[in-house]
Amino acid sequence: MADQPKTAEPARGGLSPRKRQQISRGIQYVVLVVALVAVALFADWGSLAQNFAKLDVARESLPELFTVALRNTIIYAVGGFVFSFVLGLLLALMRLSQVGPYRWIAIIYIEIFRGLPALLIFLMIVFMPLALSGFEVPGGTYGQGILGLGLIGAAYQAEVFRAGLQAVPKGQTEAARSLGMSATRAQITVVIPQAIRMVIPPTTNQFVALLKDSSLVFFLGVSGQYVELAKFGNDQASQHANATPILVAGITYLIVTIPLGYLASRLEGRKGRTR
Amino acid sequence: MTHAIELQDLHKRFGQNEVLKGIDLTVDPGQVVCVIGPSGSGKSTLLRCVNLLEQPTKGKVYVQGVELTDRDVDIDAVRRHIGMVFQQFNLFPHMTALQNVMIAQQRVLKRSKTDAEVIARENLDKVGVSDKCDSLPGQLSGGQQQRVAIARALAMNPDLMLFDEPTSALDPELVGDVLTVMRKLAEEGMTMLVVTHEMGFARQVADRVVFMDGGVVVEDGVPAQVIGDPQHERTRTFLHRVLHPEE
Ligand SMILES: Nc1ncnc2c1ncn2[C@@H]1O[C@H](COP(=O)(O)OP(=O)(O)OP(=O)(O)O)[C@@H](O)[C@H]1O
Ligand SMILES: [Mg+2]
């Protein structure tokens, strides 16, 4: 940029580049103002407020919004996350194994669970007792939700871990092996801890994705004490014939997801500095 | 007397590239042998074959009379007694200097935490970085890192030490600290096989100097002979280039 010759830009139409930039920015502001005025004039503010921001409806959802719905969302997300973390690490190690069949199993798993819509996997869990002659997932609705989220999350987390494991320099393993550590010992003591540190930012993003996907337990037919935020918002909205609870549920998601997103990018930045 | 290291007709190829073309070499207990030679001549590969970081394609490697190339040998057990120091230090970046020196003692030699710590501190003191125990590798200079790496190897009570260009990644003013430590080790009678470009060190400390080129040992003898009065043209050319780099 700095070495761009000053004379390279011909002053088209007699306008300097600077002037043209000013005009362009002016036009953008005009369009924005026109759009805002149109929305303000044509939107039915009364009806919108009535349907999306009715305070007494919002208030009525109050203790349960946090004590049941958010709590369950967090249970599903954290449970699914722990599941996907452990299975994801195992799959990543299999994916990088010297033993062919381990590699193939990991590849097949990862391709299937990343290739299928999450909804379909939840529906499979719903119908599993039919297919497997009455097999029940332990832990009831929680178990089913965590299983579904964990199975899907593991496929993505495996790829995150694989990148992390591959980013640990080969010299680290060589140093560990030359101290007499076995291959397994070297992985556990030297390689995996470094890989985990490296994948903290993408893993935080994975957790946010999982938190949002926890709304899919909706399709497990949950009710009562098991409902999470999306289902809760939906139920309350039907009950009051009003959309406010959906907005409220949405805001509650954002209260959790936005700070986590920031955390992830902060961690990303810090990693950039220390390495 | 068994040799500390004995290589017999050692060959190593990577795909079509034959890097070692039949090396015969012995190092006796307490000896310091320096390996010199141009880049790509196979010096690192040779060193890495001694502790089987590379698997030789042909030939035999004996360490303390034990054949490492024997399929039945427990290589992890053998490596415990062979210290290795790398050009790039390869300290574990997620552990402090002290932990770096303790970890293999605890996990491999099964020493207690207290014993491991005492031995780690002794060795960090010996290499002159005892004030850096709690620093992470990233907070240390290259010279300090390399000395921690030497302490890490020494804490395992190795019978011999392999050094692969231990000072090549260092700023010139930090080279001396590391060479001083290595000189001290040599005086204490440590068996050392050292790949290096430090001719001063080789001349003063080595019992023998081995000149390698193109995957073979071209010349092997006392420093005064190999460095001072080389018999082969290739050795002379190499030494001339190393000792007079600006020409
Ligand atoms: N893992 C490997 N796979 C393929 N080729 C390799 C591998 N390691 C080394 N080589 C090749 O073997 C040859 C010798 O390498 P080596 O590192 O032993 O040389 P060197 O004498 O140590 O050189 P330098 O002074 O540059 O360190 C080089 O041509 C290198 O490309
Ligand atoms: Mg080398």
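Residues numbered from 1 in each chain as written. Chains lettered and ligands numbered in written order. Predicted model: local features only at pLDDT ≥ 70, side-chain atom pairs only at ≥ 80, totals over all residues. Heavy atoms only, no water.

1. Here's the deal with the overall build of chain B
Here is step 1: Check the secondary structure of chain B and you find 9 helices and 10 strands.
Here is step 2: Projected onto its principal axes, the C-alpha positions of chain B cover 55 × 50 × 35 Å.
Here is step 3: Burial statistics for chain B: of 247 residues in total, 57% are counted as buried.
Here is step 4: The contacts of chain B with a sequence gap of at least 6 include a subset with a gap of at least 24, amounting to 65%.
Here is step 5: Of the roughly 10,600 Å² of accessible surface on chain B, a fraction of 45% belongs to carbon and sulfur atoms.
Here is step 6: Taken together, the 26 basic and 34 acidic charged side chains of chain B have centroids lying 5 Å from each other. (Helix = DSSP H or I, 4+ residues; strand = E, 2+ residues; numbered from the N terminus. Buried < 20%, exposed > 50% of the residue type's maximum accessible area, 1.4 Å probe, protein only. Contact = heavy atoms within 4.5 Å. Areas by Shrake-Rupley, 256 points an atom, 1.4 Å probe, with all protein chains shown as cover. Lys, Arg positive; Asp, Glu negative; His and termini not counted. Charge placed at Lys NZ, Arg CZ, Asp CG, Glu CD.)

2. Description of the sheet that holds strand 7 (residues 160-164) of chain B
Residue and element names in this part refer to chain B.
Here is step 1: One open sheet accounts for 6 strands, arranged 6-7-8-3-9-10; its pairing is mixed. Each having just a single partner strand, strand 6 (82-85) and strand 10 (216-221) make up the two edges of the open sheet. Geometrically, the sheet is characterised by an average inter-axis angle of 15° between neighbouring strands, direction not taken into account.
Here is step 2: Sheet topology note: the strand 9 (residues 208-213)/strand 10 ladder contains 5 bridges and is antiparallel. Paired with Val 210 across the bridge in strand 10 is Asp 220.
Here is step 3: The strands touched by helix 6 (residues 172-187) within the sheet are strand 3 (32-36), strand 7 and strand 8 (191-195), with strand 8 carrying the most contacts at an inclination of about 145°. (Pairing = 2+ DSSP bridges. Axes fitted to C-alpha atoms, helices over the stretch in contact; angles between N-to-C directions.)

3. Description of the UniProt feature "domain: ABC transmembrane type-1" (unreviewed entry) in chain A
Here is step 1: UniProt records the feature "domain: ABC transmembrane type-1" (unreviewed entry) at residues 70-264 of chain A, using the numbering of this structure.
Here is step 2: Here residues 70-264 of chain A runs as 80% helix and 0% strand, with 21 Å between its end C-alpha atoms. (UniProt positions renumbered as here; feature names shortened; annotations may be inferred.)

4. Some points on the sheet that holds strand 4 (residues 58-63) of chain B
Residue and element names in this part refer to chain B.
Here is step 1: Strand order in this open sheet of 4 strands is 2-1-4-5, and the pairing throughout is antiparallel. Looking at which strands have only one partner, the edges of the open sheet turn out to be strand 2 (17-27) and strand 5 (66-67).
Here is step 2: Examined bridge by bridge, strand 4 and strand 5 share 2 bridges and lie antiparallel to one another. Within strand 5, the position partnered with Val 63 by the bridge is Val 66.

5. Focus on the site of ligand 1
Residue and element names in this part refer to chain B.
Here is step 1: In the vicinity of ligand 1, the contacting residues are Phe 14, Asn 17, Val 19, Pro 38, Ser 39, Gly 40, Ser 41, Gly 42, Lys 43, Ser 44, Thr 45 and Glu 165.
Here is step 2: Ser 39 is positioned with one of its side-chain polar atoms (N or O) 2.6 Å from an oxygen atom of ligand 1.
Here is step 3: For ligand 1, an oxygen atom lies 2.7 Å from a polar atom in the side chain of Ser 44.
Here is step 4: When ligand 1 sits alone it has 630 Å² of accessible area, and the protein chains cover 60% of it. (Near = heavy atom within 4 Å. Polar contact = N/O pair within 3.5 Å; in protein donor to acceptor, adjacent residues only side chain to side chain.)

6. A short note on the pairing of strand 6 of chain B
Regular strands show a simple pattern: their side chains alternate between the two faces of the sheet.
Residues and elements named next belong to chain B.
Here is step 1: Burial of the side chains of strand 6 extends over both faces: Ile 82 and Met 84 are buried on one face and Gly 83 and Val 85 on the other.
Here is step 2: Bridge analysis of strand 6 against strand 7 gives 4 bridges, and the strand direction is parallel. Counted as the bridge partner of Val 85 is Phe 163 from strand 7.

7. Some words on the interface of chain B and chain A
Here is step 1: Listed by partner, the interface residues are 22 residues for chain B and 19 residues for chain A.
Here is step 2: In total, about 1,700 Å² of surface goes out of reach between chain B and chain A, with carbon and sulfur atoms giving 62% of it.
Here is step 3: Between the two partners, chain B and chain A, sit 2 salt bridges.
Here is step 4: Arg177(A) is the partner of Asp76(B) in a salt bridge, and the nearest nitrogen-oxygen pair spans 3.1 Å. (Buried area = accessible area lost by both parts, 1.4 Å probe. Salt bridge = Lys/Arg side-chain N within 4 Å of Asp/Glu carboxyl O.)

8. What to know about the packing of aromatic side chains
All names here are of chain A.
Here is step 1: Applying the stated criterion across every chain yields a total of 8 aromatic pairs over all chains.
Here is step 2: Between Phe 81 and Phe 85, the aromatic rings sit 5.9 Å apart at their centres with planes inclined by 50°, giving tilted as the arrangement. Taken as a pair, Phe 81 and Phe 85 lie in helix 4 (residues 62-95) at a separation of 4 residues, close to a single helical turn.
Here is step 3: Given a relative accessible area of 25%, Phe 85 falls into the partly exposed group.
Here is step 4: Seen from their ring centres, Tyr 142 and Tyr 226 are 4.9 Å apart, and the 80° between their planes marks the pair as edge-to-face. Residue Tyr 142 is located in helix 7 (residues 140-167), and its partner Tyr 226 is located in the loop between helix 10 (200-213) and helix 11 (229-240); the two are separated by 84 residues in the primary sequence.
Here is step 5: What makes Tyr 142 buried here is its relative accessible area of 19%. (Phe/Tyr/Trp six-rings, centres within 6.5 Å; stacked < 30°, edge-to-face > 60°.)

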